[in-house]
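Below are the chains, spelled out letter by letter.
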Amino acid sequence: MRFDWRAISGPALTAITALAAFLIDRLLVPVPNPAPLFVCIVALASSISGIRSGLISAAIAVTGSALFFLDHRALPGYDAADVARMLMLAATAAGTALITGMLRQKWIDAFAADQQHHATSARLAAALDQVDIGIVLLDADTRAEFINRAFREYFALSDAQADSKPPFVALMYHGRDTGAYELPEDELSAFIAERIAMMRSGDSTPINLNLADGQVLRFSCTALPDGGRMLSYTPVTDLVRHTDDPAKADEYRAQRAGHQRHRARLLRAAE
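In this text the structure is predicted, and so the values were computed from the model without any measurement.

### Quick word on the environment of D129
Inspection of the secondary structure assignment puts D129 in the loop between α4 (80-128) and β1 (134-138). Spatially, the C-alpha atoms of D129 and R149 are 5.0 Å apart, while their sequence positions differ by 20 residues. Once residues within four sequence positions are removed from consideration, D129 is found in contact with F146, N148 and R149. A distance of 2.7 Å separates a polar atom in the side chain of D129 from the backbone nitrogen of R149.

### Brief notes about the nonpolar core
Residues V136, I147, F151, F155, F168, L231 and Y233 are the most contacted members of the largest nonpolar core, which totals 29 residues. Put simply, the parts of the chain that give this core at least two residues each are β1, β2 (144-147), α5 (149-154), α7 (168-177), α8 (185-201), β3 (207-210), β4 (216-223) and β5 (229-235). Per-element accounting of this core gives the leading share, six residues, to α8. Counting residues in each nonpolar core, the second largest holds 10 residues, with A35, L89, A93 and A97 among its members.

### Some thoughts on the environment of R104
By secondary structure assignment, the location of R104 is in helix α4. Measuring from C-alpha to C-alpha, the distance between R104 and I48 comes to 8.1 Å, with 56 residues separating the pair along the chain. Discounting chain neighbours no more than four positions away, the residues touching R104 are S46, S47, I48, S49 and G50.

### Re the packing of aromatic side chains
Per the counting criterion, the structure on display carries seven aromatic pairs. Consider the rings of F155 and Y181, whose centres lie 6.0 Å apart with planes at 55°: the pair is tilted. Residue F155 is located in the loop between α5 and α6 (159-163), and its partner Y181 is located in the loop between α7 and α8; the two are separated by 26 residues in the primary sequence. On the basis of relative accessible area, Y181 is assigned to the buried category, the value being 8%. On the numbers, 5.6 Å between centres and 75° between planes, the contact of F155 with Y233 is edge-to-face. Here Y233 lies in strand β5 and F155 lies in the loop between α5 and α6, a separation of 78 residues in the sequence. Summarising the burial analysis for this pair, F155 and Y233 share the class buried. Among the aromatic side chains, those forming a connected cluster through ring pairs are F151, F155, Y181, F191, F219 and Y233.

### Quick word on the sheet that holds β4
The antiparallel open sheet is built from five strands, whose spatial order is β2-β1-β5-β4-β3. The sheet terminates laterally at β2 and β3, the two strands that pair on one side only. On average, each strand axis in the sheet is inclined to that of its neighbour by 20°, with strand direction left out of account. Relative to β5, β4 runs antiparallel, the two being bridged by seven bridges. Counterpart to L217 in the pairing with β5 is P235.

### What about the packing of helix α3 (residues 51-69) against α4?
Between two packed helices, the angle of one axis relative to the other and the distance separating the axes together describe the packing. Taken N-terminus to C-terminus, the directions of α3 and α4 make an angle of 165°; their axes are 8 Å apart at the nearest point. Comparing their axes, α4 and α3 come out roughly antiparallel. Here the hand of the crossing between α3 and α4 comes out right-handed. Here I51, G54, L55, A58, A61, V62, S65, A66 and F69 of α3 come into contact with α4, specifically with D82, R85, M86, L89, A90, A93, A94, A97, L98, G101 and M102.

### Topic: a nonpolar patch on the surface
A cluster of nonpolar side chains, namely L19, L23, I24, L27, L28 and V29, defines an oily patch on the protein surface of about 590 Å² accessible area. Relative to the assigned elements, L27 resides in helix α1 (residues 5-27).

### Side note on the layout of surface pockets
What the largest pocket holds in volume is close to 200 Å³. Around the largest pocket, the lining residues are H117, T120, S121, A122, L124, A125, L128, L137 and F146. In the lining of the largest pocket, the residues fall into six nonpolar, three polar and no charged.

### Some words on the pairing of β3
Look at any regular strand and the pattern is simple: side chains alternate between the two faces of the sheet. The side-chain alternation of β3 yields one buried face, formed by I207 and L209, and one unburied face, formed by N208 and N210. Sheet analysis places β3 next to β4, joined by four bridges and oriented antiparallel. Among the inter-strand pairings, N208 is bridged to a residue of β4, identified as R218.

### Comments concerning α1
The terminal C-alpha atoms of α1 lie 31 Å apart, and with 23 residues this matches the ideal 33 Å at 1.5 Å per residue to within 8%. Where α1 is concerned, the buried positions are G10, P11, T14, T17, A18, A21 and D25. Against α2 (35-49) and α3 lie the buried residues of α1.

What counts, and at which threshold
- Residues numbered from 1 in each chain as written.
- Predicted model: local features only at pLDDT ≥ 70, side-chain atom pairs only at ≥ 80, totals over all residues.
- Heavy atoms only, no water.
- Helix = DSSP H or I, 4+ residues; strand = E, 2+ residues; numbered from the N terminus.
- Contact = heavy atoms within 4.5 Å.
- Polar contact = N/O pair within 3.5 Å; in protein donor to acceptor, adjacent residues only side chain to side chain.
- Core = buried A, V, L, I, M, F, W, Y, C linked by side-chain atoms within 4.5 Å.
- Buried < 20%, exposed > 50% of the residue type's maximum accessible area, 1.4 Å probe, protein only.
- Phe/Tyr/Trp six-rings, centres within 6.5 Å; stacked < 30°, edge-to-face > 60°.
- Pairing = 2+ DSSP bridges.
- Axes fitted to C-alpha atoms, helices over the stretch in contact; angles between N-to-C directions.
- Parallel < 35°, antiparallel > 145°, perpendicular 65-115°, else oblique.
- Left-handed = near helix turned anticlockwise from the far one by under 90°.
- Patch = residues over 30% accessible without salt bridge, like charges linked within 9 Å, V, L, I, M, F, W, Y side chains within 5 Å.
- Areas by Shrake-Rupley, 256 points an atom, 1.4 Å probe, with all protein chains shown as cover.
- Salt bridge = Lys/Arg side-chain N within 4 Å of Asp/Glu carboxyl O.
- 1 Å grid on protein atoms, 1.4 Å probe; cavity = no way out; pocket = protein on both sides within 12 Å on 5 of 7 lines; lining within 4 Å.
- Points joined across faces, edges and corners; volume = space filled by probe spheres on them.
- Nonpolar A, V, L, I, M, F, W, Y, C, P; charged D, E, K, R; others polar.
- Expected span 1.5 Å × (residues − 1).

This is the structure:
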């Protein structure tokens, strides 16, 4: 059987305090009313082990006070003031045990809910890393809170860069600098400006992004209730590339091979 020191620590400390106050008062020097100390111990007991331990400590505190005030005056027994003090201690200690215990339980429930939320988020992130759709979650300031594995691979984004929570603007310029887009260089600035404007406005109109390695991604932006954005990059190469000119097949393949070598060099440099 496991020994639960938390459950008995509060009552034990209360009993030791009551006995010490009684003995010192009777044998050494007069001791002031220990009621405030009892209340503090009851609060400690409830915060450590819950309401039950706090109420047991409160009962011991009242019993200790009864012994402390017994024959404490010239006349034997208790007077009205002693009875009033013990009643006030009983009410205060019991109330302290209940309030502190309820606050402790509320904190425990909140902590458990937070742990469950983090576990769910971790499972969701792991699941999103398994899909071939690029996913980017932006906060209200358009910084990337989450970038899944597919997006990192499509745009040659290293783990260090992705985990640094870059803004969406930085992601777009990273794609430009790595030559990810199948666009002439003089069109890239306008293209990036248009994508940024669409993201900020929450425009959900899907558009196709032609990548230099031959892949086609369907970009879509979803506005979130907290002001953030969810960006998705769905691979639709098989649905779109069948319209390419067959006479340029060799040229496309050469471009894709060159781009893949370039991406591999970038990833090695980033590492």
